[in-house]
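Residue-level listing of the chains:
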Amino acid sequence: MSANPIDLHIIGGGIIGLTAAVMLQSCGVNAAIIDAHRIGQGASIGNAGHLAAEQVFPIADASIIRQIPAMLLNPLGALRLDWRYLLRLMPWAIQLLMNMRPAPFNQSHQALLQLNQNSIEAWQNFSNQWQLNDWVQVRGSLLTVEKPSSVDALSAHSRRLNDLGVVNEKLSQKALLEQEPALQNNQLAALFFPNTGHITNLSAMITKLNLTFRQLGGVVIEQCPVLDASVNDDGIELITQQGSIKALNVMLAAGAHSKVLAKKLTGINVPLDTERGYHLMLPHEQHRLTLPVSSLDRRFIMTPMDEGLRLAGTVEYAGLEAPANMKRAQMLLNLAQPMLKAPLNSSDRQPWMGFRPSTADSLPVIDKVGRVFLNFGHQHLGLTQAVISAQMIRNYYLNNPQAIDPTPYQINRFKKPS
Ligand SMILES: Cc1cc2nc3c(=O)[nH]c(=O)nc-3n(C[C@H](O)[C@H](O)[C@H](O)COP(=O)(O)OP(=O)(O)OC[C@H]3O[C@@H](n4cnc5c(N)ncnc54)[C@H](O)[C@@H]3O)c2cc1C
């Protein structure tokens, strides 16, 4: 297809593929991104924009089991299972449940902590290097509570995180409302996480990264799904909708769509499924909040962005094919309004659904197997972990030592004993 000598073909141009592409291309690796659609239009454009370094525990913990009955009864709750998808979800769900046992839960927690502890500095350096500072803001974020019974839980969470080195400050209601005067006084207390941040304009940042990659000499091939892949003695063959490619090296970064290609490229069946999430963008709400505000009790987040206020969250197990149920995006308005003093302007609101790429142990796959590089499965934290993951891929590619222990993210953890 391309006459250029491409060193590395990257499958998927979301934030994971794109950050790695820019980093490698700037190190002299001639890269091409192949995307099934347009660059950066998957989960990476519609997420909550939160650089959520404080989220160091797997989302799925044992408390989820207690929520299952309520979940099944409430189609618009924070967690939804599409019954028609249950059979296909089962293998993944069983492994997810097994990973809630204390030992594997703690292993995943330690590995998330390691990635997240390094994620913000990585983003800041990357942002300085590639002029992203208009959009990459590290000014902190808030986690609020409103049920009196949650105040003690918040204090315990605060102590636990501070002990782990995840710096946070407990704010009284007064201090919280001074920080965010638009919040209603039903918000009783909060944690402030100074070493976290948010992206104020995902679309602008992705456009800039795409441009930077091309200016560095990178090649972008859009509207070109990779349909099949095989590894043989001569190299790697990718069958795409636009023809076949003989590739020297390949990086798989197709987000929630990576499972089948990972099997083809490595022989390993990764327990990867999708936790679908929704957002509702309120374009006339630019100035309501100054920082991202998550609610522990309501389980969603409000992020101030240049394009408006983004309400985001919810988890839906319904696979990659079922149509979006935009009622789940609309319901975010009902969650947000009671947290705010003045009525939200919801005219021209835009609902959106995207696919979180979630492994059963809540950890991404960041690895190298021969000439195949793997960079997918970042679940709820792909934006946060994009640059640190790119650094690890760069180190693998250039045979540099890894700055952090790469073992927990290796694909072999899913290899069945023979
Ligand atoms: C509602 C919601 C809120 C979220 N909030 C946050 C947050 O605040 N902070 C955070 O850190 N993370 C958040 N996330 C998670 C984050 O968005 C994802 O982890 C991240 O975007 C994954 O990036 P990616 O590049 O792996 O996947 P994607 O952005 O989905 O990109 C994958 C790309 O691969 C392409 N592709 C797929 N299949 C093929 C194929 N066969 N051939 C070629 N190309 C292919 C797709 O077209 C797509 O462009 C959120 C997610 C959701 C859904």
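**Student:** How would you sum up the packing of helix α1 (residues 15-26) against helix α11 (residues 382-397)? Please name residues and give values.
**Tutor:** In contact at an axis separation of 8 Å, α1 and α11 are set at 40° when each is read in the N-to-C sense. One element, α1, and the other, α11, form an angle in the oblique class. As α1 packs across α11, the resulting crossing turns out to be right-handed. Contacts between α1 and α11 pair Ile-15, Ile-16, Thr-19, Ala-20, Met-23 and Leu-24 from the former with Gly-382, Leu-383, Ala-386, Val-387, Ser-389, Ala-390, Ile-393, Arg-394 and Tyr-397 from the latter. For the contact of α1 with α11, a count of residues per class yields eleven nonpolar, three polar and one charged.

**Student:** Would you mind going over the site of the ligand in detail, with residue names and values included?
**Tutor:** Surveying the vicinity of the ligand reveals 41 residues, the closest of which are Gly-14, Gly-42, Gly-255, Gly-277 and Gly-382. For the shell around the ligand, the secondary structure elements donating two or more residues are α1, α2 (43-46), β15 (272-282), β19 (350-359) and α11. When grouped by side-chain class, the residues that make up the shell around the ligand number 18 nonpolar, 21 polar and two charged.

**Student:** Describe in detail the sheet that holds strand β3 (residues 50-51), supporting the description with residues and values.
**Tutor:** Strand order in this open sheet of three strands is β3-β9-β5, and the pairing throughout is antiparallel. Here the strands that pair on one side only, and so sit at the sheet edges, are β3 and β5 (136-137). The pairing of β3 with strand β9 (residues 197-199) spans two bridges and is classified as antiparallel. Within β9, the residue paired with Leu-51 across the bridge is Gly-197.

**Student:** Can you tell me about the environment of His-109, naming the residues and giving the values?
**Tutor:** Tracing the chain through its elements places His-109 in helix α5 (residues 102-129). Sequence-wise, His-109 and Val-56 are 53 residues apart; in three dimensions their C-alpha atoms are separated by 5.8 Å. Setting aside residues up to four positions removed in sequence, His-109 forms contacts with Val-56, Phe-57 and Pro-58.

**Student:** Residues and numbers for the nonpolar core, please.
**Tutor:** Counting residues in hydrophobic clusters, the biggest one holds 73 residues, and the most contacted among them are Ile-10, Ile-11, Ala-20, Val-250, Met-251 and Leu-252. Apart from residues lying up to four places away in sequence, Ile-11 is in contact with Ile-34, Val-226, Val-250, Met-251, Leu-252, Ala-253, Ala-254 and Leu-261. Residues Ala-190, Leu-191, Leu-289 and Met-339 belong to the second largest nonpolar core, which totals 34 residues.

**Student:** Tell me about the pairing of strand β14 (residues 249-252), residues and numbers included.
**Tutor:** Of the two faces of β14, both are covered, the one formed by Asn-249 and Met-251 as well as the one formed by Val-250 and Leu-252. Direction of pairing for strand β1 (residues 8-11) relative to β14: parallel, over a ladder of four bridges. What sits directly across from Ile-11, in β14, is Leu-252. Pairing between β14 and strand β21 (residues 372-376): three bridges, direction parallel. From the neighbouring strand, Met-251 faces β21, where its bridge partner is Phe-373.

**Student:** Outline the sheet that holds strand β20 (residues 365-369), listing residues and values.
**Tutor:** Taken together, six strands build an open sheet; the order of strands is β10-β2-β1-β14-β21-β20 and the sheet is mixed. The two strands at the open ends of the sheet, each matched to only one other strand, are β10 (219-221) and β20. Between one strand axis and the next, the sheet turns through 15° on average, direction left out of account. Running over the sheet, α1 touches β1, β2 (31-34), β14 and β21 and is turned about 165° from β2. In the packing of α11 onto the sheet, the strands contacted are β14, β20 and β21, and the crossing angle to β21 comes to about 170°.

**Student:** A description of α11 should follow, citing residues and the corresponding values.
**Tutor:** Most pronounced at Ile-388, the bend in α11 amounts to some 30°. Within α11, 13 of the 16 residues are buried, which leaves the element mostly enclosed by the surrounding structure. Looking at the residues trailing α11, positive phi occurs at Asn-399, about 60°.

**Student:** Go over the environment of Gly-197, please, and point to the residues and values.
**Tutor:** Note on placement: Gly-197 falls in strand β9. The exposure class of Gly-197 is buried, given the 26 C-beta atoms found within 10 Å. On a C-alpha basis, the gap between Gly-197 and Trp-123 in space is 9.8 Å, while along the polypeptide they are 74 residues apart. Look past the residues within four positions of Gly-197 in its chain and what remains in contact with it is Leu-51, Ile-120, Val-136, Gln-137, Val-138 and Arg-139.

Rules used throughout
Residues numbered from 1 in each chain as written. Predicted model: local features only at pLDDT ≥ 70, side-chain atom pairs only at ≥ 80, totals over all residues. Axes fitted to C-alpha atoms, helices over the stretch in contact; angles between N-to-C directions. Helix = DSSP H or I, 4+ residues; strand = E, 2+ residues; numbered from the N terminus. Parallel < 35°, antiparallel > 145°, perpendicular 65-115°, else oblique. Left-handed = near helix turned anticlockwise from the far one by under 90°. Contact = placed C-beta atoms within 7 Å. Nonpolar A, V, L, I, M, F, W, Y, C, P; charged D, E, K, R; others polar. Near = placed C-beta within 6 Å. Pairing = 2+ DSSP bridges. Core = buried A, V, L, I, M, F, W, Y, C linked by C-beta atoms within 7 Å. Buried ≥ 20, exposed ≤ 12 C-beta atoms within 10 Å, placed from the backbone. Bend = angle between axes of the 7 residues up to and from the residue.

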